[in-house]
Every structure is written in C-alpha cells, then in structure tokens.
Amino acid sequence: MELTINNVTKRYSDKTAVNEVNLTLVPGVWGLLGANGAGKTTLMRIVAGILAPTSGEVLYDGVSIATLGAAYRDIFGYLPQTFGFYPSFTVVDYLHYVAALKGLTKKEASDKIDDLLVSLTLSDVRRKRISRLSGGMQRRVGIAQAMLNDPDILILDEPTSGLDPGERVRFRKLLTEFAQARMVLISTHIVSDVEYIATKNAVMKDGEVIAVGTTDELVQQVKGKVWETVVPSEQAGEYEHAVRVVNLRNEANGKVTVRYVAEREYGASSMQVAPHLEDLYLWLFEHEEKEGGES
C-alpha cells in the first residue's frame, strides 16, 4: 500500500500554495509540520481529492485518485480544520448519518460508532447535540466521523485543536494502534502530537517539502544549536530579544531555566542539550522571521 504525491503544484492567481511537492507515504503515522501559510492544508485537500492540483497527480498504488473516484473515497477518512453539521444533530445521529453516506450497513455503523465513542470518551454525550458540546468534544466527534469507515488512509488537519493534555495522550495511543497497517497523515502545530508517534515527518515551508525523515533524523539539523542556561528571572527578557527561546521554566530562588536555539552560546554558562522536534520547528520557522526582521 503506497500513496504517491507526484510533482504536485497548486497555483492561484496571486500565489503558489504548493510547489512541485513529491512525497511517498507508506503505512504508519506521518507528521506534516509547517508554519501558517506553508501549504499544509492545501496539500491535504489535494490528497483528499477535494481540490484538483494545477499540475502533478496523487497516486494510490500506482493509480491516479482522480481515476479511482468513489473507490478511493471508500478507503479514505478526512478531518478538515472545521467540519460542518446540522445544529439539531446529536452525536450519535450525526455519526449514523455520516456512516450512511459512507455506505456502512446499520449493524456495521452501530458497532463502529459504539467502539469509537468509547475510544474517544464520548459515550456520556452520545445523545447530546453537537452544537452544545465544548470545542474539544466537537473535535473528537470530527475524529470519529473520519474513522467510521475504518479507512486505509486517514488525513487529519489539526486534529487535537481544543483537546486537553489527557485527551491528546489518549488520541495519540489510538492513532498508534490504528496505524499498524494503515497510513495516517497528521498536520499539527502541537509538535508533541507527532514527535513520539510519527514513523516519519515531512516539513513544509513556502509551499515546498524541505525535509523528510524520522524525528531523530530531522533533529540532527539543530544538533549543537540547542542550549540551556539558568539565569535570574529578570534576565529572561534579554534572552527573548537576543535569541529564539524555546521554553522558560521557573526554578527556586527567583531563577529561570532558558532553553533556546542559536548558532552559538549566548551569554555565559550555557550548556548544549539534546535537540527535540520543537527545537527544529522554532529554528526553521520563527528563526527565519527573526532574521528577516519581521518579529
């Protein structure tokens, strides 16, 4: 099973949103990382078959998804950044409605919905209107509808927006189990969502995929550029103006641990530390803004 994004470009009248992207996905969890405007959502909509590329094509096992048509949609699940529902729908009514659209029998739908409501901790609100749920619960309903047909390919655009830390942990566990023989592509700004569960990550910048690899492979780009130091709390602002600060942690006696990314040590007594995916994200995107004078 293989999904091939072959030289895909999407142009609008005033900009190129996706530029000659080539990427081959195989079973496992894939992270798609990039700043706002990097082209992630446009690329996902093309992979989902919702948006036609200006040039290039998406192939599933060597066949264009445009040719496959309904056969591709049958094995596909998609969660956009926002999903629509009728305000009067309860959770279970909405999921049965989507299941019918996806061609599930009533028995298949009931069994799958029950399983997903348990997995996504929605059983207690199954009879509530979606419009009355919190943002995090609505997001979980969206995840459930994407997984209803047990898809071979699951595309999730910012799936954990609005979820609390405990819900994100449970969701990551669910995805890890789900992706054993399937492809899952996650676009997210919450780097921890993919850092430990992604088989591989693709990094997009200015409409192009600039790097592909495992977390360990990608973070090598910032090896030797990640530092930590402990300073009096009143000095923290100085670091935020001088370097790209990843994290601040309060310590005893009015001091702060500062984690930052920089080509070289800033100030005195900084120590190099092992890089994480969040460090790379800050380096590739916010570092560029700083050098360009935009922040």
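The preceding data block contains the structure.
The present account deals with the structure reproduced in this document. Residue positions are given per chain, counting from 1 as you read along its sequence in written order. Only residues with pLDDT of at least 70 get local features here, since the model is predicted, and only at 80 or more are side-chain atom pairs given and counted; chain-wide, interface and lining totals rely on the full set of residues. For side-chain calculations, the full set of non-hydrogen atoms in the structure is used, while hydrogens and water are omitted.

Before going further, it helps to spend a moment on the overall build of the protein chain. For helices the rule is a DSSP run of H or I covering at least 4 residues; for strands it is a run of E covering at least 2, with both sets numbered from the N terminus onward. Along its length, the protein chain carries 11 helices and 14 strands. Seen through its principal axes, the protein chain has C-alpha atoms that stretch 65 × 45 × 35 Å. Looking at the protein chain alone, contacts between residues at least 24 apart form 67% of all its contacts between residues at least 6 apart. Only the protein chains shown count as cover for residues, with accessible areas throughout obtained via the Shrake-Rupley method and a probe of 1.4 Å. Carbon and sulfur atoms make up 47% of the accessible area of the protein chain, which amounts to about 14300 Å² in all. In the protein chain, which carries 32 positive and 39 negative side-chain charges, the distance between the mean positions of the two groups comes to 6 Å. By definition, residues are in contact when any of their heavy atoms lie within 4.5 Å. Charge convention: Lys and Arg are scored as positive, Asp and Glu as negative, and His as well as the terminal groups of each chain are ignored. In plain terms, the charge of a residue is placed at NZ if it is Lys, CZ if Arg, CG if Asp and CD if Glu.

Let us look at the sheet that holds strand S2 (residues 16-25). Strand pairing is assigned whenever DSSP identifies at least 2 bridges connecting the two strands. Spatial ordering of the open sheet is given by S2-S1-S4-S5, a layout of 4 strands whose pairing is antiparallel. Strands at the two margins of the open sheet, each flanked by one partner only, are S2 and strand S5 (63-64). Across 2 bridges, the pairing between strand S4 (residues 55-60) and S5 is antiparallel. Bridging from a neighbouring strand, Leu59 pairs with Ser64 of S5. Along the sheet, helix H1 (residues 40-47) contacts strand S1 (3-11), S2 and S4; its crossing angle with S1, the most-contacted strand, is approximately 125°. Helix axes are fitted to C-alpha atoms over the stretch in contact, other axes to C-alpha atoms as well, and angles between N-to-C directions run from 0 to 180 degrees.

A pair of aromatic rings is counted whenever rings of Phe, Tyr or Trp (Trp by its six-membered ring) have centres within 6.5 Å, and the orientation is called stacked for planes under 30 degrees apart, edge-to-face for over 60 and tilted otherwise. As enumerated under the stated definition, the model contains 11 aromatic pairs in all. An angle of 55° between the planes, with centres 5.5 Å apart, marks the rings of Tyr86 and Phe89 as tilted. Working definition: with a 1.4 Å probe on protein chains only, accessible area under 20% of the residue-type maximum means buried, over 50% means exposed, and in between means partly exposed. Overall, Tyr86 belongs to the exposed group, its relative accessible area being 52%. Their ring planes at 65° and their centres at 6.0 Å tell us that Phe89 and Tyr94 sit as a pair that is edge-to-face. Of the two residues, Phe89 and Tyr94, neither departs from the other in class, the shared state being buried. Aromatic ring contacts, followed pair by pair, group Tyr60, Tyr72, Phe76 and Tyr78 into a single cluster. Geometrically, a lysine NZ or arginine CZ counts as sitting over a ring once it is within 6 Å of the ring centre and also within 35 degrees of the ring normal. Looking at Arg182, its charged tip hangs above the ring of Phe178, at a distance of 4.3 Å from the centre.

What follows covers the nonpolar core. Joining through side-chain atoms within 4.5 Å is the link that ties buried Ala, Val, Leu, Ile, Met, Phe, Trp, Tyr and Cys residues into a set, and such a set is a nonpolar core. Of all hydrophobic cores here, the largest spans 57 residues; its most connected members are Leu95, Val141, Leu156 and Val184. Within the residue set of this core, elements represented by two or more residues are strand S3 (28-33), helix H4 (91-101), helix H5 (106-119), helix H6 (135-147), strand S7 (153-157), helix H7 (165-178), strand S8 (183-187) and helix H11 (277-291). By residue number, the principal contributor to this core is H11, which donates 7 residues. Residue contacts for Val141: discarding those within four places in its chain leaves Phe83, Val91, Tyr94, Leu95, Leu122, Ile130 and Leu133. Among the nonpolar cores identified, the runner-up in size contains 28 residues, and Leu3, Ala38, Ile65 and Ile155 belong to it.

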